[in-house]
Structures are given as structure tokens and as C-alpha cells.
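Chain and residue survey
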Amino acid sequence: MEKGKVVLAFSGGLDTSICIPLLREHYGFDEIVTVAVDVGQPEEEIARATEKGRMLADNHYTIDAKEKFVADCLFPSIRANGSYEGYPMGTALARPLIAEEIVKVAKQESASKIAHGCTGKGNDQLRFDFIFRAAGYDIVAPMREMNLTREWEICYAQDHDIPVTVAKDKPYSIDENCWSRSIEGGKLEDPAFHPPDDIYAWTVSPKDAPDAMEEIRIEFEQGVPVALNGKKMSGLALIRELNRIAGRNGVGRNDMVEDRILGLKAREIYEHPAATVLLAAHSDLERLVLTRSELAFKRIVDDKWSELAYMGLVHEPLFYALNAFIDKTQERANGTVDVGLYKGSVKVLGRSSDSALYSDDLVSFDSTTLDQNHAVGFSNYFGLQARLLKNLKKC
Ligand code: ARG
């Protein structure tokens, strides 16, 4: 049996709630400290975690990491056009930050181990474990070590007077923060099942969205959004406002089959209105200000960055190196992008930047600044080797 103090990553949901008596009774820890980290979950969820942690654990912390999440995780992801198989990674990006905050508490409390309530099937266990192990902690994960079923958990909770809030008719697992809302489980596990409309909370159905296009303007400085419709805002306020605006236009629903780190394919449904708009606007702006070769190389960098971010491998040396490249390119990612939102679709309507590598004078059909005859010389050499080979084959 274990002895001593354990710090538990706590959400107040069924899994992490029953971890508290399990860590006492089954593992034998004599002190349990719970930590809830606020990265923009619904306020009721944070309130529930705080209340339950205080009630069930020996000590509880609720840490507000919302601004840090935006500045340290979401902004870098926008700069990297962060997307894994089309998923902007709200859950994935939050995990390392949550884990780092828990490590801080574990140190402060001189805990001997860190516990989490992840199952052995998902990605979060790996993202958490990586950070905890890197900080030198051993991990206790009752859900995956004891192979528990949902039914057993509910009975165990009832035996321990832990309130269970899983609704029978909507048995979905939902993970929400300001970047995305992930919905999985229950009937949605059948990839052929058509999701009912009531699973969505941030977006209206595109068919019920307004008939007129809503136009917005986003201003970027060094690859991050700083103003919406001409109004300077903090990142968090801007993302929240954009979630409302894009959500009411049916933008940001995403129903996909995703390849988890372990190799399991999972059916996931997401809502991420602000992320959809910001990523579309940011990558459009990059097309105006970066060179052709920068863009081509950055596509590879962004892809690798997203894969590492999805896995939560944020201390991988390659991740730091990719960030250094991205930082350099984003020095010029300044400008505004006008976007139209219409019944679930996002369309860039126009863009402008002081750093634009664009000259209407050079490209215009109406201008004679460039002497078109110079192109003849260029054309003489163009595709030279291919032409030589083609002629050889004729002989
Ligand atoms: N598949 C996503 C990820 O690994 C989201 C998981 C969300 N979890 C949930 N309980 N809905 O990042």
C-alpha cells in the first residue's frame, strides 16, 4: 500500500471524483490534494470542481490559467496554423499547461505522486504522463490500472455519497475550453450514427443561421489576433466574442474520424467557431506576406508542429526548433483580414498588410512598369533539362 500525499488532476466529473476514495481505500494514500485548472471550461464546471474538491479531498486548489492558455498555447497554435487532421486541438493544447500547473502544486505540497483519472484508451493519459514524468513524478491512474466500467463507477460513487451528474439520455463525454468543445461517447461512437442537433452548444445549425452574410474584420500583429471589427481586445475576450459571432452563423462544426496517438480510430465531434475563423484568416494573411518558399516549407513545419502538439510533446527539442522557425516568419504576419460568415461557411473577402509581398503595379494587366519582353529570355531557359531529355528520346 502507498503512503503519503498525492496530488490529483481534478475536473469534478465522475472519473476524477471517484478517484478520491479510490486513492484512499484502494491505494492507501493518507492525504489527497485536488487541483482544478481553469482553461475556459464553463463556469458551472469550475464551480462544481471547486465545491466537490473542497468537500471530498483534504485540500483543494482551483487555478485560473485562462489568459496563460491563450498566450502560451493558443497564440502559438494560430501562428503554426495548428490543426491535426482538421481538429484545432483545443483539448490537446490545454493538457500540457494543466499538467504543468499540477506539477507546481505537487512541488509546493511536497507530494510523493501525481494522479489522474484518464482511461487507458485516450490521448490525455499520454499527454499528462509525459509532463509528470519529465518533472520526476511517478503516476497513479486508477481508471486505467483498475480497468473500471462506467456502471461500476456509478455504483461506487453512490456508495460513497458522491453526487453523479451523468444524464442517462445524454451520456456524452464533453471536454470544453475556450478553443473548442469536444463531444464523444455514447451513440456517437458509431461513426455511421448521425449526431442529433442537441449535442451542440456553441453553434446553430447552418440551416437555421441568418440568411445574410455577417462580415467581420480581424487584425493580426506578429501572427496573433489583436483586434476584432476595429476594437483592440485581449486574446481571451476576442476568442470568446468570435465564438459567439461565428457560432450564430453556424460556423465551426466538425464531425470527424480521428487517429489517436495509440493508433485507435475514434469518432469525434467538435465545435470551434473562433478557431475555424482565426485559422482561415491567419493562413490567408500568410499567403500575402510570406515568400513562396517560406510558405512551402512552413506547411511542413506546421504539420509537424501540429503532430507534436497533438501528442503533447511540448518539450521535444524539435518542437522548440520548429517554434523558432515559426517565430521568425511571424515577424511579418501583420495586417487585417476581412471575413464573411454565412450559414456555416467562412470566406475571406479581402486582406491587407504593410508587409505584403504584393505589387499591383507589377502584376496588373494595365501596367507597363515591367517590360514583358524580359520574360522571353526567362522562358528560353525555362524547363530546359526536361526539353533536352524529351529531344534525346526522339532519337
Ligand atoms: N480526441 C480529442 C483529443 O484527444 C478530444 C478528446 C476530448 N475528450 C472528451 N472527453 N470529449 O484531443
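Residues numbered from 1 in each chain as written. Predicted model: local features only at pLDDT ≥ 70, side-chain atom pairs only at ≥ 80, totals over all residues. Heavy atoms only, no water.

So, about the layout of surface pockets. Volume-wise, the second largest pocket comes out at about 340 Å³. Forming the walls of the second largest pocket are 14 residues, and the residues nearest its centre are Gly40, Glu176, Trp202, Arg240 and Arg244. Only helix H2 (43-56) and helix H8 (235-247) provide two or more residues apiece to the lining of the second largest pocket. The element best represented in the lining of the second largest pocket is H8, accounting for three residues. When the residues that make up the lining of the second largest pocket are grouped by side-chain class, the tally is five nonpolar, three polar and six charged. (1 Å grid on protein atoms, 1.4 Å probe; cavity = no way out; pocket = protein on both sides within 12 Å on 5 of 7 lines; lining within 4 Å. Points joined across faces, edges and corners; volume = space filled by probe spheres on them. Helix = DSSP H or I, 4+ residues; strand = E, 2+ residues; numbered from the N terminus. Nonpolar A, V, L, I, M, F, W, Y, C, P; charged D, E, K, R; others polar.)

Within this structure's numbering, the places UniProt gives as "binding site: L-aspartate" (unreviewed entry) are Thr119, Asn123 and Asp124. Within the secondary structure, Asn123 is located in the loop between strand E4 (113-115) and helix H5 (124-134). We classify Asn123 as buried; its relative accessible area is 9%. Note that Asp124 resides in helix H5. (UniProt positions renumbered as here; feature names shortened; annotations may be inferred. Buried < 20%, exposed > 50% of the residue type's maximum accessible area, 1.4 Å probe, protein only.)

This next bit is on the pattern of salt bridges. Evaluation of the coordinates by the stated rule reveals 33 salt bridges. A salt bridge links Lys68 to Asp72; its shortest N-O distance comes to 3.1 Å. In this pair, Lys68 and Asp72 both sit in helix H3 (residues 66-79), four residues apart, roughly one turn of the helix. With a relative accessible area of 35%, Lys68 lands in the partly exposed category. Overall, Asp72 belongs to the partly exposed group, its relative accessible area being 44%. (Salt bridge = Lys/Arg side-chain N within 4 Å of Asp/Glu carboxyl O.)

It is worth spelling out a nonpolar patch on the surface at this point. A contiguous nonpolar surface patch, about 230 Å² in accessible area, is contributed by Leu126, Leu262 and Leu264. Classification of Leu126 by relative accessible area gives partly exposed; the value is 31%. (Patch = residues over 30% accessible without salt bridge, like charges linked within 9 Å, V, L, I, M, F, W, Y side chains within 5 Å. Areas by Shrake-Rupley, 256 points an atom, 1.4 Å probe, with all protein chains shown as cover.)

With that settled, consider the UniProt feature "binding site: ATP" (unreviewed entry) in the protein. The feature "binding site: ATP" (unreviewed entry), as annotated in UniProt, sits at Ala9, Phe10, Ser11, Gly12, Gly13, Leu14, Asp15, Thr16, Ser17 and Gly117 in this numbering. Their sequence span is 109 residues, while the largest C-alpha to C-alpha distance among them is just 12.8 Å; these annotated residues converge on one region. Looking at the element boundaries, Ala9 is found in strand E1 (residues 5-9). Setting aside residues no more than four positions away along its own chain, Ala9 makes contact with Thr16, Val35, Ile102, Ala115 and His116. Here Ser17 lies in helix H1 (residues 14-25). Setting aside chain neighbours within four positions, we find Ser17 in contact with Phe10, Gly12, Lys52, Leu56 and Ile162. (Contact = heavy atoms within 4.5 Å.)

This next bit is on the sheet that holds strand E7 (residues 181-184). An order of E6-E7-E12-E11 is seen for the four strands of this open sheet, with the pairing classed as antiparallel. Strands at the two margins of the open sheet, each flanked by one partner only, are strand E6 (173-176) and strand E11 (253-259). Across the sheet, the axes of successive neighbouring strands diverge by a mean angle of 25°, strand direction being ignored. Sheet topology places E7 next to strand E12 (residues 265-271); three bridges connect them, and they run antiparallel. In the sheet register, Ile183 faces E12, and the bridge partner there is Ile269. (Pairing = 2+ DSSP bridges. Axes fitted to C-alpha atoms, helices over the stretch in contact; angles between N-to-C directions.)

What follows covers the packing of H8 against helix H9 (residues 273-289). Where H8 contacts H9, the axes come no closer than 7 Å and their chain directions differ by 100°. Relative to H9, H8 is oriented roughly perpendicular. Each of Leu238, Ile239, Leu242, Asn243, Ala246 and Gly247 in H8 lies in contact with H9, whose residues at this interface are Pro273, Ala274, Val277 and Leu278. Partitioning the contact of H8 with H9 into residue classes produces eight nonpolar, two polar and no charged. (Parallel < 35°, antiparallel > 145°, perpendicular 65-115°, else oblique.)

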